[in-house]
Amino acid sequence: MKITSLFILFLMPFLCLAQLKENDSDLKNQISEEKYVLINGIEQWITIKGNSSKPIILFIHGGPGSPISPYVDVLYKDLEKNFIIVQWDQRGTGRTYGKNAPPEELSPEYLKANPLTIEQMTNDGIEVSKYLLKHLGKQKIILTGTSWGSALGVKIVTKQPDLFYAYVGHSQIVISTIDEEFYTKIYKMAEDKNDKETLEILNSIGKPPYNRAKNVGLLFRVLKKYERANSTPAPENWFQLSPTYDNDIDNKNRADGDDYSFVNYVGDDKLGVQSMSATINLMRDNLDFKIPVYLIQGNEDIMTPKENSKKYFDKIQSPKKEYYLLPKAAHGFNLSVVETQYKIFKSIKTL
């Protein structure tokens with residue numbers, strides 16, 4: 001037997017012991033919590049999973065009303081070794097909505113009496129962050145937001161930057177305006193494809209502005225159809241419900257919360273609900289960042305187009321900023337988006 005082989009055989013027990021110690025340490029540091037936390041007067045659903053010795057990533061989901069909690073174990077499981085992954089069902093969303101929902105069906109009276117505002121939800125996000133820092137004994141958080149969550153995320157980190165290491169935005173909302181130019185762009189796509197079904201829908205709702213939420217919903221469905229046609233989809237298993245969340249109660253809460261949040265987001269004159277989106281103008285209100293900023297943009301994104309996010313990015317004042325334009329990505333998640341998130345998260349300097 002060669003000396004090298006003897007040396008390896010000699011080292012093997014020590015290498016195995018070191019690996020066992022590392023695995024024991026990872027297991028010891030593993031955290032998994034799913035619970036309601038009292039935030040600004042209501043109980044809100046938070047999940048905390050990962051390595052307790054590592055930095056926190058707080059995810060601000062989109063929609064509003066579209067929680068990632070039921071899908072996190074597939075989407076972000078690989079990050080749990082290097083981070084603490086936190087999902088938060090925002091006010092009006094998923095299990096948070098279910099815990100605080102009206103005893104009866106969602107009604108116009110409830111909608112009018114219980115409005116959502118971006119100021120209220122910004123304050124919620126700050127209180128969630130403070131809770132996490134105290135609860136987990138950390139100094140700062142990496143905050144990431146997608147779609148609606150990108151607007152809310154910017155509001156949170158610019159209002160209280162001392163709580164955060166960095167902001168990572170995906171499908172960044174800048175000005176959430178549904179105008180005639182937006183409508184015309186989609187109409188032209190349908191004409192080019194001779195898509196009679198879509199043209200019929202667009203003609204039925206007419207050009208914006210819209211005073212009913214259902215018309216905005218119809219426009220968004222058409223938009224998503226064309227985004228899907230021009231982009232690489234996410235793997236099929238990504239958005240299959242976790243068994244824990246796949247039950248009648250959770251399914252109803254997600255559906256009702258989605259309706260409640262969407263009406264609050266776009267507004268509805270007949271229901272007497274003001275539009276949250278009408279108040280969003282980051283180009284005017286949120287250009288000064290005290291922390292690093294990273295924006296991930298899909299080239300095929302119609303909802304939040306690259307022209308808007310790049311213009312915003314160029315105006316941002318930040319100690320560090322990076323812009324990622326991804327081919328064959330649209331407004332939602334796909335493999336390139338998540339891989340880019342992973343790359344950014346792991347590059348951020350934390351204590």
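Nothing here was measured: the structure is a model prediction, and the numbers come from that model. Residue positions are given per chain, counting from 1 as you read along its sequence in written order. In keeping with the model being predicted, local features are shown solely for residues with a pLDDT of at least 70 and side-chain atom pairs are shown and tallied solely at 80 or more, while totals for entire chains, interfaces and linings include all residues. Side-chain measures here rest on the full set of heavy atoms in the structure, leaving out hydrogens and waters.

Draft legend 1. Just the packing of aromatic side chains, in detail. Aromatic rings from Phe, Tyr and Trp, with only the six-membered ring used for Trp, were paired whenever their centres fell within 6.5 Å, and each pair was classed as stacked if the ring planes differed by under 30 degrees, edge-to-face if by over 60, and tilted otherwise. What the rule picks out here adds up to 14 aromatic pairs. Judged by centre distance (6.0 Å) and plane angle (80°), the rings of phenylalanine 59 and phenylalanine 345 are edge-to-face. Highlighted residues: phenylalanine 59 in strand β3 (residues 56–60) and phenylalanine 345 in helix α13 (residues 335–347), separated in sequence by 286 residues. Each member of the pair, phenylalanine 59 together with phenylalanine 345, is buried. An aromatic cluster is defined as three or more aromatic residues linked by ring pairs; in this entry it consists of Phe59, Tyr76, Phe83, Tyr342 and Phe345. Lysine and arginine charges are scored as sitting over a ring when NZ or CZ, respectively, is within 6 Å of the ring centre and within 35 degrees of the ring normal. Just above the ring of tryptophan 45 sits the side chain of arginine 95; from NZ or CZ to the centre is 4.7 Å. Above the face of the tyrosine 245 ring, arginine 95 is positioned so that its terminal group lies 4.2 Å from the ring centre. The numbering of helices and of strands both runs from the N terminus, where a helix is a DSSP run of H or I of at least 4 residues and a strand a run of E of at least 2. When accessible area is computed with a 1.4 Å probe and restricted to protein chains, residues below 20% of their type maximum are described as buried, those above 50% as exposed, and intermediate ones as partly exposed.

Draft legend 2. Quick peek at the side chain of serine 171. Counting through the fold element by element, serine 171 comes out in the loop between β6 (164–170) and α7 (180–192). By relative accessible area, which is 0% here, serine 171 ends up buried. Any pair of nitrogen or oxygen atoms within 3.5 Å is treated as a polar contact; in protein, a donor-acceptor pairing is required on top of that, and neighbouring residues in sequence qualify only through side-chain atoms on both sides. A polar contact is formed between the side chain of serine 171 and the backbone oxygen of histidine 331, at a distance of 2.6 Å. A contact between two residues is defined here by any heavy atoms of the two lying within 4.5 Å. If we skip the residues at most four places from it in the chain, serine 171 touches Ser147, Ser150, Ile296, Asp301, Thr304, Ala330 and His331.

Draft legend 3. Here's a closer look at the environment of asparagine 211. Relative to the helices and strands, asparagine 211 is located in the loop between α8 (196–205) and α9 (213–229). According to the relative accessible area criterion, asparagine 211 is partly exposed, its value standing at 43%. Put simply, asparagine 211 and serine 261 are 50 residues apart on the chain and 16 Å apart in space, counted from C-alpha to C-alpha. Excluding anything up to four places from it in sequence, asparagine 211 contacts Asp268, Asp269 and Lys270.

Draft legend 4. Quick peek at the pairing of strand β7 (residues 293–298). Among the six residues in β7, six count as buried, and that is most of the element. Strand pairing is assigned whenever DSSP identifies at least 2 bridges connecting the two strands. As judged from the six bridges shared by β7 and strand β8 (residues 321–326), these two strands associate in the parallel manner. For tyrosine 294, the partnering residue across the bridge sits in β8 and is glutamate 322. In terms of handedness, the path from β7 via helix α12 (residues 306–315) over to β8 forms a crossover that is right-handed. Throughout, right-handed denotes a crossover for which the path from the first strand over the helix to the second runs clockwise when the strands point away from the viewer.

Draft legend 5. View of the environment of valine 157. Looking at the secondary structure, you find valine 157 in helix α6 (residues 148–159). Relative accessible area serves as the criterion here: at 2%, valine 157 is assigned to the buried category. Sequence separation between valine 157 and isoleucine 126 is 31 residues, and the spatial gap between their C-alpha atoms is 8.3 Å. Residues in contact with valine 157, not counting those within four places in the same chain, are Leu143, Phe164, Tyr167, Phe289 and Ile291.

Draft legend 6. View of the sheet that holds strand β4 (residues 84–88). With respect to topology, eight strands assemble into an open sheet ordered β1-β2-β4-β3-β5-β6-β7-β8, the strand pairing being mixed. The open sheet has two edge strands, β1 (30–39) and β8, and neither has a second partner. Geometrically, the sheet is characterised by an average inter-axis angle of 15° between neighbouring strands, direction not taken into account. With axes taken as lines fitted to C-alpha atoms, and helix axes fitted only over the stretch in contact, angles between N-to-C directions fall between 0 and 180 degrees. Lying over the sheet, α13 contacts β3, β5 (141–146), β6, β7 and β8, oriented at roughly 160° with respect to β8.

Draft legend 7. Summary view of α7. Here a helix's expected span is defined as the number of its residues, less one, multiplied by 1.5 Å. With 13 residues, α7 extends 18 Å between its outermost C-alpha atoms, agreeing within 8% with the 18 Å of an ideal straight helix rising 1.5 Å per residue. Buried residues of α7: Phe182, Tyr183, Ile186, Tyr187 and Ala190, and no others. Down the axis of α7, the buried side of the element spans an arc of 130°, and every buried residue falls inside it. Away from its buried face by more than 90 degrees, α7 exposes Glu181 and Asp192. Elements in contact with the buried residues of α7: α8 and α9. Following α7 by one or two positions, asparagine 194 adopts a phi angle in the positive range, close to 50°. An arc is given here, and it is the one of the directions from the helix axis to the C-beta atoms.

Draft legend 8. Inspection of the nonpolar core at higher detail. Core analysis: the biggest nonpolar cluster contains 67 residues, and Leu58, Leu132 and Tyr167 have the highest contact counts within it. Excluding residues within four positions of it along the chain, leucine 132 makes contact with Ile48, Ile56, Leu58, Val86, Gly137 and Ile141. With 27 residues, the next largest nonpolar core counts Trp238, Tyr324, Leu326 and Phe345 among its residues. Nine residue types can take part in a nonpolar core, namely buried Ala, Val, Leu, Ile, Met, Phe, Trp, Tyr and Cys, and a core is a set of them joined through side-chain atoms within 4.5 Å.

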